Amino acid sequence: MFPVKLSGIQRQLASALISAMTSFIYGTLVGWSAPTLKKLREPDSPIHLTPAEEVQMINAIYAGTLLGTFPCGALMNRVGRKGSLLLLSAFPITSWSAIYFARTASMLLIARFFAGVWGAAAGTIRPIYVAEIAEPRVRGAAGAFTMVAMFAGTIFVFVVGPCVSIQTMAIINGVAPPIFFLLFSLCPESPYYYIMRGRHADAARTLAWLRGGAPIESELTSIQTSIEREAKAGQGYFRKMLSLVTVPANRKAFFIVEVMNFLQRVCGLSCMAAYSTVVLPQRLGPLTADHCTLIIGIVWFLSSLGCSTLVDKLGRKPLLYVSSIGILASMLPTSAWYYLDKETTMDVTWINWVPLAGFLLFGVTVNVGLGSIAPTYMGEMFPSNLKAEASALTIMAVSVSSSVSIAVFALLTAHVGLYANFLVFAAVGAVNWVFTYFCVIETKGKSLQLIQDELHGGTHGKPSKNNHSDGKLTV
């Protein structure tokens, strides 16, 4: 563990921040396609992709995520949350190596596929790790590091990508995984994992370090009791999977997490990240599309950073409302501009700043809420004995949603018009507001055990005095 003297909160945040390097690495692996697509379309490019191959290359990362989720989920229960992330860091190294040596479209597909396996690891394991090491008062901020780091990675590749060759970009970004491996080796394993494996002394030692010497007996007992109770509820893989739909509390948690993460993917995040440089106006005064994409990345990064400072103060639901209103308010005028520009003879070049403004407002409002909070809920809502399986299913759903969203984006653009995509995104904003109001429960300041009690309707089925939920869903 860290060889420097830190308080308990500092140790938790430092561990969460280092673990967020998984998202930084994934951000570079997702984002490199945006500045590189233009290079691949140039006549002197060593690799030429058809429009279909471009979509396949972009979506290959989600195929890797889809197929990698369950192995990653099973692995974290066998070798630990920390051990799994360290072991799986070989995949981003392999991905950047494949990009460096790529001379065919197939190599780029393989690189994106391996990147997707890493995305499965980062998306499945990291939220659980953070939720299990952090105290309730900082768990939201620690979880929000996910999107902050991801956008930092995307910005980094947006800056580097246009300035260097594809091979040089691969070398520069390939340094991050080994750095992560070295730093994360100093972080603690989850005390939940130790208790699940019967290693109570290791759990006590790790929890004491994470809490900076504060009394841990009550928390350790609570964790142990919770895990033992959950373990008795269902042994065996199929019985546990079945309990996701047969146990009302699990069904409610699963429904909330799945729908929230689905809405996060289909609201436009995946499409804008993938296609921003080719759908934005090519010139906006002195700015090129590459400049605009970089500005978007920076603004999105800062807004996700804002979520990490606000989520434990304002709560999750208020920020989700902000996202809903922001998506609607940003995507409607953006859709109108593209309709007038592409589908009519009206000259709208005098207001060609509208798409950029829409993308910026969209990013600010989404990433201060829905974009950053959806992964946090995945780490908070599931009981310990189901986290691996439920999180794997969630990441699979996210992968499918992202892939379908990108495919639909291309289809709507070709057969209806680019404007139609932004109308769909605006509709998602309205749906997210309704879903948040009627279905989502507030988890601000609640321990993982209290969240489970609330999902069950109170401790051991009795009304909980600490129940602060205003959620109205009964599934």
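In this report, we go over the structure that sits alongside the text. None of the values given here were measured: they were computed from a predicted structure.

1. Here's the deal with the nonpolar core
No. 1: Ranked by internal contacts, the top residues of the largest apolar core, which has 137 residues, are Met 260, Phe 362 and Met 381.
No. 2: Here this core takes 14 residues from helix 15 (residues 248-279), the largest share from any one element.
No. 3: Beyond its immediate sequence surroundings of up to four residues, Phe 362 is in contact with Cys 267, Gly 268, Leu 269, Met 272, Trp 300, Ile 327, Ser 330 and Met 331.

2. Observations regarding the side chain of Glu 132
No. 1: Mapping Glu 132 onto the fold places it in helix 7 (residues 105-133).
No. 2: Not counting the four nearest positions on each side in its chain, Glu 132 is found in contact with Arg 81, Ser 190, Pro 191, Tyr 192, Tyr 193, Lys 387 and Leu 448.

3. A few points about the packing of aromatic side chains
No. 1: The full count for this structure, using the stated rule, is 20 aromatic pairs.
No. 2: A centroid spacing of 5.4 Å and a plane angle of 70° characterise the contact between Tyr 129 and Phe 184, whose relative ring orientation is edge-to-face. Here Tyr 129 is found in helix 7, whereas its partner Phe 184 is found in helix 10 (residues 176-184), with 55 residues between them in sequence. Of the two residues, Tyr 129 and Phe 184, neither departs from the other in class, the shared state being buried.
No. 3: With 6.4 Å between their ring centres and 45° between their planes, Phe 254 and Phe 382 make a pair best called tilted. Pair noted here: Phe 254 is in helix 15 and Phe 382 is in the loop between helix 19 (370-381) and helix 20 (387-415), with a separation of 128 residues, a long-range link.
No. 4: Taken together, the aromatic side chains of Trp 337, Tyr 338, Phe 359, Phe 422 and Phe 425 make up a single cluster linked through ring pairs.
No. 5: Positioned above the aromatic ring of Tyr 192, the side-chain terminus of Lys 387 is 5.1 Å from the ring centre.

4. Some thoughts on the packing of helix 17 (residues 316-343) against helix 18 (residues 354-367)
No. 1: Axis separation between helix 17 and helix 18 bottoms out at 8 Å; the angle between their running directions is 165°. The orientation of helix 17 relative to helix 18 falls into the category roughly antiparallel. Judged by the twist between their axes, the crossing of helix 17 over helix 18 is left-handed. Where helix 17 approaches helix 18, its residues Val 322, Ser 323, Gly 326, Ile 327, Ala 329, Ser 330, Met 331, Pro 333, Thr 334, Trp 337 and Tyr 338 are matched on the opposing element by Val 354, Pro 355, Gly 358, Phe 359, Leu 361, Phe 362, Thr 365 and Val 366.

5. With respect to the pattern of salt bridges
No. 1: In total, this model carries 11 salt bridges according to the counting rule given.
No. 2: A salt bridge links Asp 202 to Arg 199, with the nearest nitrogen and oxygen atoms 2.9 Å apart.
No. 3: Asp 202 is the salt-bridge partner of Arg 205, the closest N and O atoms lying 2.2 Å from each other. Here Arg 205 pairs with Asp 202, and both are found in helix 12 (residues 200-210), just 3 residues apart, close to one helical turn.
No. 4: On the basis of relative accessible area, Arg 205 is assigned to the exposed category, the value being 51%.
No. 5: Accessibility expressed as a relative area gives 17% for Asp 202, which makes it buried.
No. 6: When salt bridges that share partners are traced, they join Arg 139, Asp 312, Arg 316 and Glu 380 into one network.

6. A closer look at the side chain of Thr 146
No. 1: The residue Thr 146 is located in helix 8 (residues 136-160) in this model.
No. 2: The residues contacting Thr 146, other than those within four sequence positions of it, are Ser 23 and Arg 126.

7. Quick word on empty space enclosed by the protein
No. 1: Counting across every chain of the model gives 7 cavities of 30 Å³ or more.
No. 2: In this model, the largest cavity occupies a volume close to 350 Å³.
No. 3: Lining the largest cavity are 21 residues, with Tyr 26, Gly 123, Met 150, Ile 395 and Val 398 sitting closest to its centre.
No. 4: Put simply, the parts of the chain that give the lining of the largest cavity at least two residues each are helix 2 (21-31), helix 4 (51-78), helix 7, helix 8, helix 15, helix 19 and helix 20.

8. A word on the environment of Val 55
No. 1: You can see Val 55 is positioned in helix 4.
No. 2: For the pair Val 55 and Tyr 26, spaced 29 residues apart in sequence, the C-alpha to C-alpha distance is 19 Å.
No. 3: Setting aside anything within four residues of it in sequence, one finds Val 55 in contact with Tyr 275 and Ala 410.

9. Observations regarding a nonpolar patch on the surface
No. 1: A cluster of nonpolar side chains, namely Ile 325, Trp 433, Val 434, Tyr 437 and Phe 438, defines an oily patch on the protein surface of about 470 Å² accessible area.
No. 2: Sorting elements by how many residues they give to the nonpolar patch places helix 21 (residues 418-438) first, with 4 residues.
No. 3: Looking at the secondary structure, you find Val 434 in helix 21.

The rules behind each value
Residues numbered from 1 in each chain as written. Predicted model: local features only at pLDDT ≥ 70, side-chain atom pairs only at ≥ 80, totals over all residues. Heavy atoms only, no water. Core = buried A, V, L, I, M, F, W, Y, C linked by side-chain atoms within 4.5 Å. Buried < 20%, exposed > 50% of the residue type's maximum accessible area, 1.4 Å probe, protein only. Helix = DSSP H or I, 4+ residues; strand = E, 2+ residues; numbered from the N terminus. Contact = heavy atoms within 4.5 Å. Phe/Tyr/Trp six-rings, centres within 6.5 Å; stacked < 30°, edge-to-face > 60°. Lys NZ or Arg CZ within 6 Å of the ring centre and 35° of its normal. Axes fitted to C-alpha atoms, helices over the stretch in contact; angles between N-to-C directions. Parallel < 35°, antiparallel > 145°, perpendicular 65-115°, else oblique. Left-handed = near helix turned anticlockwise from the far one by under 90°. Salt bridge = Lys/Arg side-chain N within 4 Å of Asp/Glu carboxyl O. 1 Å grid on protein atoms, 1.4 Å probe; cavity = no way out; pocket = protein on both sides within 12 Å on 5 of 7 lines; lining within 4 Å. Points joined across faces, edges and corners; volume = space filled by probe spheres on them. Patch = residues over 30% accessible without salt bridge, like charges linked within 9 Å, V, L, I, M, F, W, Y side chains within 5 Å. Areas by Shrake-Rupley, 256 points an atom, 1.4 Å probe, with all protein chains shown as cover.

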